[in-house]
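Overview (structure and organization)
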2 protein chains.
Amino acid sequence: VSQCDPPSDGEDTFKILVATDIHLGYLEKDPVRGNDTFVTFNEILDHAQKNEVDFVLLGGDLFHDNKPSRKTVHSCLESLRKYCMGDRPVQFEILSDQAVNFHYSKFPWVNYQDENLNISIPVFSIHGNHDDPTGADALCALDILSCAGLLNHFGRSTSVEKIDISPILLRKGRTKIALYGLGAIPDERLYRMFVNKQVTMLRPKEDEDSWFNLFVIHQNRSKHGATNYIPEQFLDDFINLVVWGHEHECKIAPFQNEQQRFYISQPGSSVVTSLSPGEAVKKHIGLLHVKGKKMKMEKIALETVRTFHIEDVVLADHPDLFNPDNPNVTQAIQAFCMEKVELMLDTAERERLGNPRQPEKPIIRLRVDYAGGFEPFSVHRFSQKYMHRVANPKDIIHFFRHREQKEKKGIDLNFGKLVSRPAEGMTLRVEDLVKQYFQTAEKKVQLSLLTERGMGEAVQEFVDKEEKDAIEELVKFQLEKTQRFLKERRTDAEEEKIDEELYMYCNIVSSHNSYFLSCFFISTYFSNYSYFSVPYYQNYYTLLLLNTVSPSCPKLSSSPVM
Amino acid sequence: VSQCDPPSDGEDTFKILVATDIHLGYLEKDPVRGNDTFVTFNEILDHAQKNEVDFVLLGGDLFHDNKPSRKTVHSCLESLRKYCMGDRPVQFEILSDQAVNFHYSKFPWVNYQDENLNISIPVFSIHGNHDDPTGADALCALDILSCAGLLNHFGRSTSVEKIDISPILLRKGRTKIALYGLGAIPDERLYRMFVNKQVTMLRPKEDEDSWFNLFVIHQNRSKHGATNYIPEQFLDDFINLVVWGHEHECKIAPFQNEQQRFYISQPGSSVVTSLSPGEAVKKHIGLLHVKGKKMKMEKIALETVRTFHIEDVVLADHPDLFNPDNPNVTQAIQAFCMEKVELMLDTAERERLGNPRQPEKPIIRLRVDYAGGFEPFSVHRFSQKYMHRVANPKDIIHFFRHREQKEKKGIDLNFGKLVSRPAEGMTLRVEDLVKQYFQTAEKKVQLSLLTERGMGEAVQEFVDKEEKDAIEELVKFQLEKTQRFLKERRTDAEEEKIDEELYMYCNIVSSHNSYFLSCFFISTYFSNYSYFSVPYYQNYYTLLLLNTVSPSCPKLSSSPVM
């Protein structure tokens, strides 16, 4: 395969719109940002329609929540029905056995071949980690769309012992594409299965080399832990292009793997779901042309994505400006930050004027490293100033202390050492954190058995029933309760009560070893780095939690990792 | 209009399949009964297809839960796509302005006229009280189906001040039907609106008398309270036939209202959701023929509905058999009940053999009035005997004391008098009960303000967010917790704790005046009549609850009333 100038479109050229991680319903209750994902999904489908693509290929996480709200499902159905139905004929055919490709579907054939549906743009999608199949029936949100005939959910593996990926074989004129898909699987499990040779990509029996082999996957690509990602070299050499979902940073221009011959395109998300630098990269989708074994990825800039600007400030790098011994240093810092934010707002405004379809208020993030004896100022008052100009007023400013990380002391359990702060631009893995915590904590603290009635049991029961929604609701409640707690001074008895509650959670988490519960556990008791400096929160649990978790993930079904 | 022999079907005759209260998803997690609603829905649609009807008309409560599970939505979409799509042309046309008829829809036209959908059987449905629109977007589960193009949701009123019902005007040959619909509205509000002349049924401008006027409604028809139903005489005289949903007893053969000229057909539910005599009436759907202004309702017996047999026994009516002073009387009663149940099982088995499509295990209910000094026997042990032969082993036997109702004494708050036991065949209205409770209780008990953290606050927050699902989950948890509580002896301190918790719930309920919360409140602390006789439960709260609520409604989104 080679990258080339765009092949002249024609009867031998597939045109494929490539996008991923659309996260429909993300922050849907936010009065400012609530519609962002729906607007951009419509923009994406509009591009598909205007470019008269043969099909749309999605790399997972079309939905943000495993059980999307009624509004989200409704809105998604509306968009698909509006943009993907119509009279323009679909110009490719399917050569593979569709009963195999869509074996788990009640209507195991591609939607555009259904005699009762007039589909002009078939959408093919694998599921992501956000919208993966759950429950006794192992259905996912995509299956609702698929059952309604508006989407083709593929790449689903039902066995945990062996994954055979059967491609959907597509032909348009003289071009043949073997489309492989693998819906999200926990990275560690998939890693292990690759190592144990339990993953097989099946190949067409005839003319093996005449196919353009396109693989869609939704996993960690960057190394989050030893086995918590999928190394590119695990993938088969015969692949021509990998469309890699899950990673939110847009790196859509195909880049070649150095050891292997294939190209990788990482489209990135179409919505900012974490305030990290990767998400600030301009969002694109791709228009992939495939003719014979040649391909070209055209980038299409998304115009409806809310602008996001992020900057870092290290106070200690400005000894000329800030002296920690100056009694007015906090005011000086605040003024400095305000100036920074104003500049970012100017930039955002100029950018938006170039793209009138972009929503008005930008997302702004200023990360302030206040190590070196400085004190954080009140984020609350600062936020209020930007209530009407910024989409995320509550979390514009993010205080952290990067430099002092390893100098912390005076705590019974040295979490400063135990939990290394994530490197710049990296997010911390909650699973690792919890694992580390238990490895150390169990030596020092004898965890009691669950004997108390109350929330502990509630959680236990919900877990037994796999009622994720219920947990999520409990978490929201617990989070708000915790935030109130943290604002109050407490008696020793109250402190003890908190400790007891934490014991319960710890027990539950440790006995379930579940990612979701880890999030639950953590989110239930974290608040914000900025609390860290307040002495009476230096209860070791609180310390653990405040010290390690990013403050802005109230939606628990979203992974705090990304 | 007149009832007549079935008009010979032809180009002037509408054939309409009429059904209501299908309650998809009812008891979906029950291993025995979980699929009942889906099976019967398929049977209904199969009848529609085999009879080549022009359309299906549903009277509300297609879904049991306001937010049906993914499985339920998926299964419903599957059935509709399977049975209602196809090449058979639809033979009637719509003369009214569809933008008015379907004004709240994103696709405001009837599905069979959508060029992208090949619909052979259009389904028209109003919503019921179980699947009514909720949330900021006022969407209901039917809107998902409607947005997917598989159902036509009509009869929705968005104003609370004025209801103008615009008919969908249908014509087939020389027959013209004006189809009026009114989705479920709280009875008391609709009653008031009728009284205040705020409800108007609009009529076609031309040839007013040439239309067959068909009205579908989903409200209480039987008088549950002074204004808590819709008297038939409220409805306009010009109507020809009312299809009345919500009432579960099948009275599908049209009967004429004596004061007015119209007929009423009450199809009844297609699944047994409460163990009351009305539900034991054989379930039917209707095949309505309309030619000119003549109509005929053909009854179609549903064959897949699980058999339900209910009988009553009054122990005091058998002085020859049972003497309360005999030490072995309880065994005698138990043997008698067992004999009764065996007879019912025989009847059920014979019935089932006549209809091989009926599910194997019947629903059996024996109501035992044990007034007159008798003691109930252990329902638990009795139930176990029928675990493999009955679909509802846990609630076969229902003990009550009808005769002694007004003789109860020795309780601080005289709930015996306060809460009159429902008359035979009637169910108690939970709302009335709670209202009565607060009217009386507030005089005696000074309700404290909510000051405790914990479940109370959780509930409060969920209420604020209208997170019914979350409440439902909490209720399930609370219910199980309560059941454990009730099985244990408690210290005074523990009793007090329960009282405190009840105070909290009372406060929440009283401040919200919500039906849902009333259910929550009640269900949280009820268990079973049979606990009633155990002395240490005669705490007055417990008494109130145990005394009044039917034991078998673990699904809180289902109304215990019906």
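Just above, that's the structure.
The following refers to the structure shown. As the structure is a prediction and not an experimental result, all values here were calculated from the model.

**Considerations on helix H1 (residues 36–50) of chain A**
All names here are of chain A.
- Spanning 15 residues, H1 covers 21 Å between terminal C-alpha atoms, matching the ideal 21 Å at 1.5 Å per step.
- In terms of burial, H1 is largely enclosed, as 11 of its 15 residues are buried.
- By the burial criterion, the buried members of H1 are Asp36, Thr37, Phe38, Thr40, Phe41, Glu43, Ile44, Leu45, Asp46, His47 and Ala48.

**Structural notes on the sheet that holds strand E8 (residues 168–172) of chain B**
Residues and elements named next belong to chain B.
- Pairing within the open sheet is mixed, and its seven strands lie in the order E4-E8-E9-E11-E12-E14-E13. Edge positions in the sheet fall to strand E4 (93–94) and strand E13 (251–256), since each of these pairs with one other strand and no more.
- Bridge count between strand E9 (residues 175–182) and strand E11 (residues 212–218): six bridges; the pairing is parallel. Its bridge partner being in E11, Ala178 is matched across the sheet by Asn213.

**Points about the pairing of strand E13 (residues 251–256) of chain A**
All names here are of chain A.
- Both E13 and strand E14 (residues 263–266) contribute to a ladder of three bridges, which runs antiparallel. By the bridge assignment for E14, Phe255 is matched with Ile264.
- Taken together, E13 and the strand that follows it, E14, pair antiparallel across an intervening segment of six residues.

**What to know about the packing of helix H1 (residues 36–50) of chain B against helix H2 (residues 70–84) of chain B**
All names here are of chain B.
- Close contact between H1 and H2 brings their axes to 10 Å; oriented N to C, the two are set at 15 degrees. Compared by their axis directions, H1 and H2 come out roughly parallel. Our pair here, H1 against H2, has a crossing hand that is right-handed. In this structure, H1 contributes Phe38, Phe41, Asn42, Leu45, Asp46 and Gln49 to the contact, and H2 contributes Lys71, Thr72, Ser75, Cys76, Ser79, Leu80, Lys82, Tyr83 and Cys84.
- When the residues that make up the contact of H1 with H2 are grouped by side-chain class, the tally is seven nonpolar, five polar and three charged.

**Regarding the nonpolar core**
- Within the largest apolar cluster, 141 residues are counted, with the highest numbers of intra-cluster contacts made by Leu62 and Leu179 of chain A together with Leu62 and Leu179 of chain B.
- Each residue touching Leu179 of chain A, except ones within four places of it in the same chain, is listed here: Phe55, Leu57, Phe124, Phe154, Pro167, Ile168, Leu170, Leu214 and Val216 of chain A.

**Some details on the sheet that holds strand E17 (residues 308–314) of chain A**
All names here are of chain A.
- With parallel pairing, the three strands of this open sheet are ordered in space as E17-E18-E19. The open sheet terminates on both sides in strands that have one partner only, identified here as E17 and strand E19 (397–400). The mean inter-strand angle of the sheet, taken between neighbouring strand axes irrespective of direction, is 15 degrees.
- The sheet contact formed by strand E18 (residues 363–369) and E19 spans four bridges and is parallel. Of the residues in E19, the one forming a bridge with Leu366 is Ile397.

**Quick notes on the packing of aromatic side chains**
- In total, this model carries 34 aromatic pairs over all chains according to the counting rule given.
- Arranged with centres 5.2 Å apart and planes meeting at 85 degrees, the rings of Phe322 of chain B and Phe336 of chain B form a pair that is edge-to-face. With a gap of 14 residues between them, Phe322 of chain B in the loop between strand E17 (308–314) and helix H6 (329–354) and Phe336 of chain B in helix H6 connect regions that are remote in the sequence. For the pair shown, Phe322 of chain B and Phe336 of chain B are each scored as buried.
- One aromatic cluster is present, formed by Phe14, Phe55, Phe92, Tyr112, Phe124 and Phe154 of chain A through successive ring pairs.

**Observations concerning unusual backbone geometry**
- You will see that Glu52 of chain A, though not glycine, has its phi angle at about 45 degrees, which is positive.
- In this fold, Glu52 of chain A is placed in the loop between H1 and strand E3 (55–58).
- The partly exposed category is assigned to Glu52 of chain A, whose relative accessible area is 48%.
- Backbone geometry at Asp21 of chain B places phi at a positive 50 degrees, although glycine is not the residue there.
- Following the sequence through the fold, Asp21 of chain B ends up in the loop between strand E2 (13–19) and H1.

The rules behind the values
- Residues numbered from 1 in each chain as written.
- Chains lettered and ligands numbered in written order.
- Predicted model: local features only at pLDDT ≥ 70, side-chain atom pairs only at ≥ 80, totals over all residues.
- Heavy atoms only, no water.
- Helix = DSSP H or I, 4+ residues; strand = E, 2+ residues; numbered from the N terminus.
- Expected span 1.5 Å × (residues − 1).
- Buried < 20%, exposed > 50% of the residue type's maximum accessible area, 1.4 Å probe, protein only.
- Pairing = 2+ DSSP bridges.
- Axes fitted to C-alpha atoms, helices over the stretch in contact; angles between N-to-C directions.
- Parallel < 35°, antiparallel > 145°, perpendicular 65-115°, else oblique.
- Left-handed = near helix turned anticlockwise from the far one by under 90°.
- Contact = heavy atoms within 4.5 Å.
- Nonpolar A, V, L, I, M, F, W, Y, C, P; charged D, E, K, R; others polar.
- Core = buried A, V, L, I, M, F, W, Y, C linked by side-chain atoms within 4.5 Å.
- Phe/Tyr/Trp six-rings, centres within 6.5 Å; stacked < 30°, edge-to-face > 60°.

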